[in-house]
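Tertiary structure, described
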Amino acid sequence: MKKYLLKRTGLAIGIIVAISIITFFILNIIPGDPAALMLGDLASPETITKLREQMGLDRPLPEQYINWIKNLVTGNLGNSYFQKKPVLELIGNAFYYTSRLAIYSYLIALAIGITSGIIAAVFCGRKVDKILMTIAITGISAPAFWVAILLQIYIALRFDIFPVSGVSSTIGYVLPSISLGSRYAASIARITRNSMIETLNQDFIKTARAKGLKSHRIVLVHAFRNALLPIVTVIGSDIGSLLAGAMLTESVFNIPGIGKLLIDAINKRDLPIVQGTVMYIAIVCVLIYLIVDILYALIDPRIKLGDGISG
């Protein structure tokens, strides 16, 4: 187990380093001068040059990257060019909103997805199965921002219960969580159904039925536990996506989370925020996938701990 953890951790660190290199150099070679944007169109070339020197933008890119990495390791992501606040503080404030949205969305996704998948598998080929899978396909196909806009038009604007935008109270998370969670619920439902159908056709399930075990015990205890592998995989992947920030959903509902912070920073070319946020997303996703690798191996003893599922 120790060897496996070291191997997967080393791979995770390598991926993060690669992402940091790509992110830094791409963002710093695209057109646009942050110093000029900060000072405006009326600034003189001398003033812009002086500000570039103060910001360290006049140094060679490799030197800038090394300095950035050193600060990153110590938790110093620099200050926002425009908000004049530490990037780490801005990400921390945004993470509060994104994490709440992610938790609520995924509770909805898990409850609906796993329940629908199990029911569809039990009634495989019947009307209930076809209806649930049709809804699932629709949920996967429908973009989250489109669902969000529909919820705003047909629910928020017609009823005074839910706000159209903003999350000043917990109830403000209801519509964003439904719009975001519906897509993941559909994905989980399909994976759960397929995995459960395959498991329910195994010989040990037939043996359990022959012994006279109750149907709900066979489905929920014996079949579901053995069908968990692909379900855990998709759950882990989706958690990474959710925690990374539901950019469009946050923008539609004006939620000051990670996604909205990143989009606003890109529009202003606020490089410290963009770089810091991208690294946050990368680290969160890589850690989630690492945890999924470990859980995948622990759930099924037949899988060698040295194999894993990703990378």
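Our subject is the structure that appears above.
Residues numbered from 1 in each chain as written. Predicted model: local features only at pLDDT ≥ 70, side-chain atom pairs only at ≥ 80, totals over all residues. Heavy atoms only, no water.

Turning to the layout of surface pockets, a few remarks are in order. Over the atoms rolls a probe the size of a water molecule, and its path tells where empty space is left. Within this model, the largest pocket holds a volume of roughly 530 Å³. Sorting the residues of the lining of the largest pocket by element identifies α1 (2-29), α3 (45-55), α4 (61-73) and α14 (271-299) as the ones contributing at least two each. Examining the composition of the lining of the largest pocket, we find that four residues originate from one element, α4, more than from any other. In the lining of the largest pocket, the residues fall into eight nonpolar, 11 polar and three charged. (1 Å grid on protein atoms, 1.4 Å probe; cavity = no way out; pocket = protein on both sides within 12 Å on 5 of 7 lines; lining within 4 Å. Points joined across faces, edges and corners; volume = space filled by probe spheres on them. Helix = DSSP H or I, 4+ residues; strand = E, 2+ residues; numbered from the N terminus. Nonpolar A, V, L, I, M, F, W, Y, C, P; charged D, E, K, R; others polar.)

Bringing a nonpolar patch on the surface into the picture now. A grouping of F145, W146, I149, I153, Y154, L157, V164, M247 and L248 is seen on the molecular surface, where their side chains present a nonpolar patch of about 820 Å² in accessible area. Mapped onto the nonpolar patch, the elements with two or more residues apiece are α7 (144-156) and α12 (247-252). The topology assignment puts L157 in the loop between α7 and α8 (174-200). The exposure class of L157 is exposed, given its relative accessible area of 58%. (Patch = residues over 30% accessible without salt bridge, like charges linked within 9 Å, V, L, I, M, F, W, Y side chains within 5 Å. Areas by Shrake-Rupley, 256 points an atom, 1.4 Å probe, with all protein chains shown as cover. Salt bridge = Lys/Arg side-chain N within 4 Å of Asp/Glu carboxyl O. Buried < 20%, exposed > 50% of the residue type's maximum accessible area, 1.4 Å probe, protein only.)

Bringing α4 into the picture now. Between the first and last C-alpha of α4 there are 18 Å, a value that for 13 residues agrees with the 18 Å anticipated at 1.5 Å per step. Every buried residue of α4 is listed here: Q64, Y65 and W68. Viewed end-on, α4 has its buried residues packed into an arc of 100 degrees, placing them on one side of the element. Turned more than 90 degrees from where α4 packs its buried face, K70 and V73 sit exposed. G75 sits one or two positions beyond α4 and adopts a positive phi of about 90 degrees. (Expected span 1.5 Å × (residues − 1). Arc of directions from axis to C-beta.)

In this structure, K84 takes a positive phi of about 60 degrees despite not being glycine. With respect to the secondary-structure elements, K84 resides in the loop between α4 and α5 (87-122). A positive phi angle is found at N254, which is not glycine, with a value near 55 degrees. With respect to the element layout, N254 can be found in the loop between α12 and α13 (258-268).

Remember that the coordinates give geometry; whether it matters functionally is a separate question.
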